[in-house]
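# Understanding the architecture of this molecule
Residue-level listing of the chains:
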Amino acid sequence: MSSSAILHCQQLGKTYTEGPNDVEVLSSVNLHIETGERLAIVGASGSGKSTLLHLLGGLDLPTTGSVWVDGQELSRMTDKQRGLMRNQYLGFVYQFHHLLPEFSAIENVAMPLLIRGVDKAQAFERASRLLGDIGLDHRLSHRPTELSGGERQRTAIARALITEPKVVLADEPTGNLDIDTANSVFDMMMELNQRVGTALIMVTHDNTLASKMDSVLRLDHGTIAS
Ligand SMILES: Nc1ncnc2c1ncn2[C@@H]1O[C@H](COP(=O)(O)OP(=O)(O)O)[C@@H](O)[C@H]1O
Ligand SMILES: [Mg+2]
């Protein structure tokens, strides 16, 4: 069943222990994502969407169950191996972009390529082209604090897409953007999906965007509702 999945999880659960109380925020989530598949994740605030995305991307470890990326189980890896898997397979768009403040836009975008060992000239060339594609060619050497919210978010998207990853995990990537910027950010992800078969997993509150994906998964208090 799971052999062709680029990303899958079984019986995924997460429980936080806060003082004397255990808080179960995710339970029994099974997912099977194929190459090129596009999945929207929706649900009320606090339903566990970000938690699920973090677990799928190996940024956090589950309490129960497992996640496999290209058949390799994330929870059996060391932190370093997981970091390497993320760099080689995944692109992550965070809710609050998490750009490195001391680096310029082009340096932030080139970083995943440099970590992969791509030479500097080529990495910067590609970062420059990608930033140009989303209308930021005049902002290459600006630091995050010198960019607007929308520009920061577009820079973060470019950083997630620059390696042409097998899977993009995006947590409300268009959340705080005006409609034009939101559409250009979404189009960038779709373009990569069409051109190289990148699977997209996107948390969104936007029903119009969700309806453009292949399927919609609704979380309700940490379980799949549909
Ligand atoms: N580190 C944590 N410790 C305790 N509870 C947490 C932690 N992170 C998230 N939660 C709780 O888990 C639930 C799901 O959070 P989250 O995944 O961020 O939801 P969503 O992204 O759907 O809004 C929330 O009730 C939140 O308070
Ligand atoms: Mg969230």
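Up top is the structure these notes are about.
In what follows, the accompanying structure is described. On a predicted model such as this, the values are computed, not experimentally measured, just so you know.

### Points about the overall build of the protein chain
- Along the backbone of the protein chain there are seven helices and 10 strands.
- Computed over its C-alpha atoms, the radius of gyration of the protein chain comes to 17 Å, within 12% of the 17 Å expected for a compact globule of 226 residues.
- In the protein chain, which comprises 226 residues, the share counted as buried stands at 48%.
- Partitioning the contacts of the protein chain with sequence separation of at least 6, the portion at a separation of at least 24 is 69%.
- As displayed, the protein chain offers around 10800 Å² of accessible surface, 48% of which is attributable to carbon and sulfur atoms.

### Let's talk about the side chain of N108
- One can find N108 in helix α3 (residues 105-116).
- The contact partners of N108, leaving out residues within four places of it in the chain, are L99, L100, F103, P144 and R159.

### Let's talk about the site of ligand 1
- The local shell around ligand 1 consists of Y16, E18, V25, A44, S45, G46, S47, G48, K49, S50 and T51.
- G46 is positioned such that a nitrogen or oxygen atom in its backbone is 2.7 Å from an oxygen atom of ligand 1.
- In this structure, an oxygen atom belonging to ligand 1 sits 2.9 Å away from a side-chain N or O atom of S50.
- Relative to its unbound accessible area of 560 Å², ligand 1 is 62% covered by the protein chains.

### Quick look at the pairing of strand β9 (residues 215-220)
- Relative to β9, strand β3 (residues 38-43) runs parallel, the two sharing five bridges. When the bridges of β9 are listed, L39 appears paired with S215.
- In this structure, β9 lies alongside strand β10 (residues 223-224), joined through two bridges in antiparallel fashion. Bridge assignment links D220 to a residue of β10, and that residue is T223.
- Between the end of β9 and the start of β10, which pair antiparallel, lie two residues, with H221 showing a positive phi angle near 45°.

### Some thoughts on the side chain of S47
- With respect to the secondary-structure elements, S47 resides in the loop between β3 and α1 (49-56).
- A distance of 2.6 Å separates a polar side-chain atom of S47 from the backbone oxygen of A44.
- Not counting the four nearest positions on each side in its chain, S47 is found in contact with V25, L219, H221 and G222.

### Some words on the pairing of strand β8 (residues 199-203)
- Buried residues dominate β8, accounting for five of its five residues.
- Because side chains alternate across β8, one face comprises the buried residues A199, I201 and V203, and the other comprises L200 and M202, equally buried.
- Across four bridges, β3 lies against β8 in parallel orientation. Note that in β8 the partner of I41 across the bridge is V203.
- Handedness of the β-α-β unit built from strand β7 (residues 167-171), helix α6 (residues 179-196) and β8 comes out right-handed.

### Brief notes about empty space enclosed by the protein
- Taken as a whole, this structure holds one cavity of 30 Å³ or more when the rule is applied.
- What the largest cavity holds in volume is close to 40 Å³.
- In this structure, the largest cavity is lined by L55, G58, D60, L61, P62, S66, V67, L74 and S75.
- For the lining of the largest cavity, the per-class residue count stands at five nonpolar, three polar and one charged.

### Concerning the layout of surface pockets
- There is about 430 Å³ of room inside the largest pocket.
- Elements with a contribution of two residues or more to the lining of the largest pocket: α2 (79-89), β6 (90-93), α3 and α5 (149-161).
- Taken together, the residues of the lining of the largest pocket break down into nine nonpolar, six polar and two charged.
- Estimates place the volume of the second largest pocket at around 300 Å³.

### Overview of the sheet that holds strand β1 (residues 5-18)
- What the four strands build is an open sheet, ordered β2-β1-β4-β5; its pairing is antiparallel. Looking at strand neighbours, the two that pair on one side only are β2 (21-34) and β5 (72-73), the edges of this open sheet.
- Taken strand by strand, α1 contacts β1, β2 and β4 (64-69), and its axis lies near 125° from that of β1.

About the cut-offs
- Residues numbered from 1 in each chain as written.
- Chains lettered and ligands numbered in written order.
- Predicted model: local features only at pLDDT ≥ 70, side-chain atom pairs only at ≥ 80, totals over all residues.
- Heavy atoms only, no water.
- Helix = DSSP H or I, 4+ residues; strand = E, 2+ residues; numbered from the N terminus.
- Rg over C-alpha atoms; globule rule 2.2 N^0.38 Å.
- Buried < 20%, exposed > 50% of the residue type's maximum accessible area, 1.4 Å probe, protein only.
- Contact = heavy atoms within 4.5 Å.
- Areas by Shrake-Rupley, 256 points an atom, 1.4 Å probe, with all protein chains shown as cover.
- Near = heavy atom within 4 Å.
- Polar contact = N/O pair within 3.5 Å; in protein donor to acceptor, adjacent residues only side chain to side chain.
- Pairing = 2+ DSSP bridges.
- Right-handed = clockwise from strand over helix to strand, strands pointing away.
- 1 Å grid on protein atoms, 1.4 Å probe; cavity = no way out; pocket = protein on both sides within 12 Å on 5 of 7 lines; lining within 4 Å.
- Points joined across faces, edges and corners; volume = space filled by probe spheres on them.
- Nonpolar A, V, L, I, M, F, W, Y, C, P; charged D, E, K, R; others polar.
- Axes fitted to C-alpha atoms, helices over the stretch in contact; angles between N-to-C directions.

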